[in-house]
Amino acid sequence: GTYTVKATLKGESAPAKPFENKFVREHFPWEDNILGITDDVPAPFIPIKTDDDSVEVVLRKMEMNEFGLWDSVISEGKELLAAPMSVEYSAKGKAGTWEDADGSFTKCLPAEAIYESTVASEDIVLKTRSTSEFDGCMKVEMEVQPMGSEKEIDKLVINIPLKNELAPLWHV
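Here is what the cut-offs are and how they apply
- Residues numbered from 1 in each chain as written.
- Predicted model: local features only at pLDDT ≥ 70, side-chain atom pairs only at ≥ 80, totals over all residues.
- Heavy atoms only, no water.
- Helix = DSSP H or I, 4+ residues; strand = E, 2+ residues; numbered from the N terminus.
- Buried < 20%, exposed > 50% of the residue type's maximum accessible area, 1.4 Å probe, protein only.
- Polar contact = N/O pair within 3.5 Å; in protein donor to acceptor, adjacent residues only side chain to side chain.
- Contact = heavy atoms within 4.5 Å.
- Pairing = 2+ DSSP bridges.

A. Spatial organisation of the side chain of glutamate 31. Mapped onto the elements of the fold, glutamate 31 is located in the loop between β2 (19-24) and β3 (49-51). Accessibility expressed as a relative area gives 17% for glutamate 31, which makes it buried. For glutamate 31, the side chain forms a polar contact with the main-chain nitrogen of phenylalanine 28, separated by 2.8 Å. Discounting chain neighbours no more than four positions away, the residues touching glutamate 31 are Arg25 and Glu26.

B. Representation of the sheet that holds strand β6 (residues 70-75) in the model. Taken together, the five strands give an open sheet; going across it, the order is β3-β4-β5-β6-β7, and neighbouring strands pair in antiparallel fashion. Sheet topology places β3 and β7 (78-79) at the edges, where each strand pairs with a single neighbour. The sheet contact formed by strand β4 (residues 54-57) and strand β5 (residues 60-64) spans four bridges and is antiparallel. Its bridge partner being in β5, valine 55 is matched across the sheet by methionine 62.

Take a look at the structure:
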């Protein structure tokens, strides 16, 4: 359709007359189509394999933990992590401890696998949704919920302990 934009500039050097311009909104043939969107896994990648708490992609196997993060990452036969990934927090200056944890794969397709977990403490509940893709990339979404209206978290840290010899250019 055809649209009109009207704007009045303000300020000392702004023109007194309002600005007005018309434009035509074009609908291009590539908009709102599904070209290129597929769940197929392109070569040389392989379909994702899941088993209990592990996910396997080409040349890598990752073990999931209660945080929806990795306990282990084996790439070409070598462990990449110095220790499991973890989440730490403190409330009112005191380190928190996690009590209840539950997690599992909720969706397993050739191109992606979704692992959902819930970890609770007396202060917060941490809900995680980790989406592993066929190339080994993992997107992690975390939702932090207080266990009551008066809870205040001082610090929340995600630890990713990489082996120094495998990440020589990592600088923080």
